[in-house]
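What follows is each chain in one-letter form.
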Amino acid sequence: GTFAGRRRVYLRKRTAIAMGCRPSSISGENILADIEIQQEWERLSAGMRKADLVNTMCRLLHEPKHHLIQAIVEEVGPSLAVQMMGETKDSLENGGMKRADGNGYRTPGGVFLIHLKSHVSAKTFKQLMKDSKKRQKELQKAAAQKSWLW
């Protein structure tokens, strides 16, 4: 199939794994990975070191933008971040959330951001997203410059 088709299948599998489910198309060798993910959800707590909390959240949400999750944890605090992770897990276990355009479902990171919106002011959310976009551009620029060196 096309790249877009393979990407959709990948995202569906990734979302199912994040929910703690095992889609039928995933082989039996990933059962251990499913159990490990479930244990990570259970170990998630506000008492963790911030760096460990951010890394665990990024892993569970399949979120590549570590800087965004770190900024969120610093803004709302670890306890509210863990509470929102619980809400995210509940949403994912109950079938996930449709995207605004109606085509498919949100990724776990997208569901988390929707829950974040309900816990912070619109101004704060907008600033977090603006800062994240700026940081993402800086990272892309640095990666492009690094590739020129080779």
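**Topic: helix H4 (residues 66–76)**
Part 1 of the argument: For H4, every residue scored as buried is listed here: His67, Leu68, Ile69, Ile72, Val73 and Val76.
Part 2 of the argument: Gly77 occupies a position one or two residues after H4 and carries a positive phi of about 95°.

**Some thoughts on the nonpolar core**
Part 1 of the argument: Judged by nonpolar contacts, the single largest core of 25 residues is most densely connected at Met57, Ile69, Ile72, Val76, Met85, Phe112 and Leu116.
Part 2 of the argument: Elements supplying a minimum of two residues to this core: helix H2 (31–43), helix H3 (50–61), H4, helix H5 (78–93), helix H6 (108–119) and helix H7 (122–149).
Part 3 of the argument: For this core, the element with the most residues is H3, which contributes six residues.
Part 4 of the argument: Residues contacting Ile69, with those up to four places away along its chain left out, are Val54, Met57, Cys58, Leu61, Glu63 and Phe112.

**Topic: the packing of aromatic side chains**
Part 1 of the argument: Applying the stated rule across the entire model yields zero aromatic pairs.
Part 2 of the argument: The ring of Tyr105 carries the charged tip of Lys98 above its face, separated from the ring centre by 5.0 Å.

**Describing the side chain of Ser91**
Part 1 of the argument: By the secondary structure assignment, Ser91 is in helix H5.
Part 2 of the argument: Contact partners of Ser91, with chain neighbours within four places excluded, come to Gly96, Met97, Val111 and His115.

**Thoughts on the pattern of salt bridges**
Part 1 of the argument: Evaluated as defined, the whole model comprises five salt bridges.
Part 2 of the argument: Taking the shortest distance from any N to any O, the salt bridge between Glu40 and Arg59 comes out at 2.8 Å. Here Glu40, found in helix H2, pairs with Arg59, found in helix H3; they are 19 residues apart in sequence, far enough to count as distant.
Part 3 of the argument: Residue Glu93 pairs with Lys89 through a salt bridge whose shortest N-O separation is 3.7 Å. Note that Glu93 and Lys89 are positioned in helix H5 at a spacing of four residues, about one turn of the helix.

**Brief notes about H5**
Part 1 of the argument: Helix length check: H5, at 16 residues, gives a terminal C-alpha distance of 22 Å against a target of 22 Å (1.5 Å per residue), a fit within 8%.
Part 2 of the argument: For H5, the set of buried residues is Leu80, Ala81, Val82, Met84, Met85, Thr88, Lys89, Ser91 and Leu92.
Part 3 of the argument: Gly95, located one to two residues past H5, shows a positive phi value of around 105°.

**Describing the packing of H5 against H6**
Part 1 of the argument: Direction vectors running N to C along H5 and H6 enclose 125°, while the axes themselves pass 9 Å from each other. When the axes of H5 and H6 are compared, the pair comes out oblique. As for the relative orientation of H5 and H6, their crossing is right-handed in sense. For the pair H5 and H6, contact is made by Leu80, Ala81, Gln83, Met84, Met85, Glu87, Thr88, Ser91 and Leu92 and by Pro108, Val111, Phe112, His115, Leu116 and His119, respectively.
Part 2 of the argument: Classifying every residue of the contact of H5 with H6 by side-chain character gives nine nonpolar, five polar and one charged.

**Side note on the packing of H3 against H4**
Packed helices, taken two at a time, are described by the angle their axes make and the gap between the axes.
Part 1 of the argument: Across the interface, H3 lies against H4 with an axial gap of 9 Å and an inter-helix angle of 125°. In terms of their interaxial angle, H3 and H4 are classed as oblique. Regarding H3 and H4, the two cross each other, and that crossing is right-handed. Residues Lys50, Leu53, Val54, Asn55, Met57, Cys58 and Leu61 of H3 form the contact with H4, whose participating residues are His66, Ile69, Gln70, Val73 and Glu74.

**Describing unusual backbone geometry**
Part 1 of the argument: A positive phi is found at His62, a non-glycine position, where the angle reads about 55°.
Part 2 of the argument: Following the sequence through the fold, His62 ends up in the loop between H3 and H4.
Part 3 of the argument: Taking the relative accessible area as the measure of exposure, His62 reaches 25% and is therefore partly exposed.

Scoring rules and cut-offs
- Residues numbered from 1 in each chain as written.
- Predicted model: local features only at pLDDT ≥ 70, side-chain atom pairs only at ≥ 80, totals over all residues.
- Heavy atoms only, no water.
- Buried < 20%, exposed > 50% of the residue type's maximum accessible area, 1.4 Å probe, protein only.
- Helix = DSSP H or I, 4+ residues; strand = E, 2+ residues; numbered from the N terminus.
- Core = buried A, V, L, I, M, F, W, Y, C linked by side-chain atoms within 4.5 Å.
- Contact = heavy atoms within 4.5 Å.
- Phe/Tyr/Trp six-rings, centres within 6.5 Å; stacked < 30°, edge-to-face > 60°.
- Lys NZ or Arg CZ within 6 Å of the ring centre and 35° of its normal.
- Salt bridge = Lys/Arg side-chain N within 4 Å of Asp/Glu carboxyl O.
- Expected span 1.5 Å × (residues − 1).
- Axes fitted to C-alpha atoms, helices over the stretch in contact; angles between N-to-C directions.
- Parallel < 35°, antiparallel > 145°, perpendicular 65-115°, else oblique.
- Left-handed = near helix turned anticlockwise from the far one by under 90°.
- Nonpolar A, V, L, I, M, F, W, Y, C, P; charged D, E, K, R; others polar.

This is a description of form; function is not addressed.
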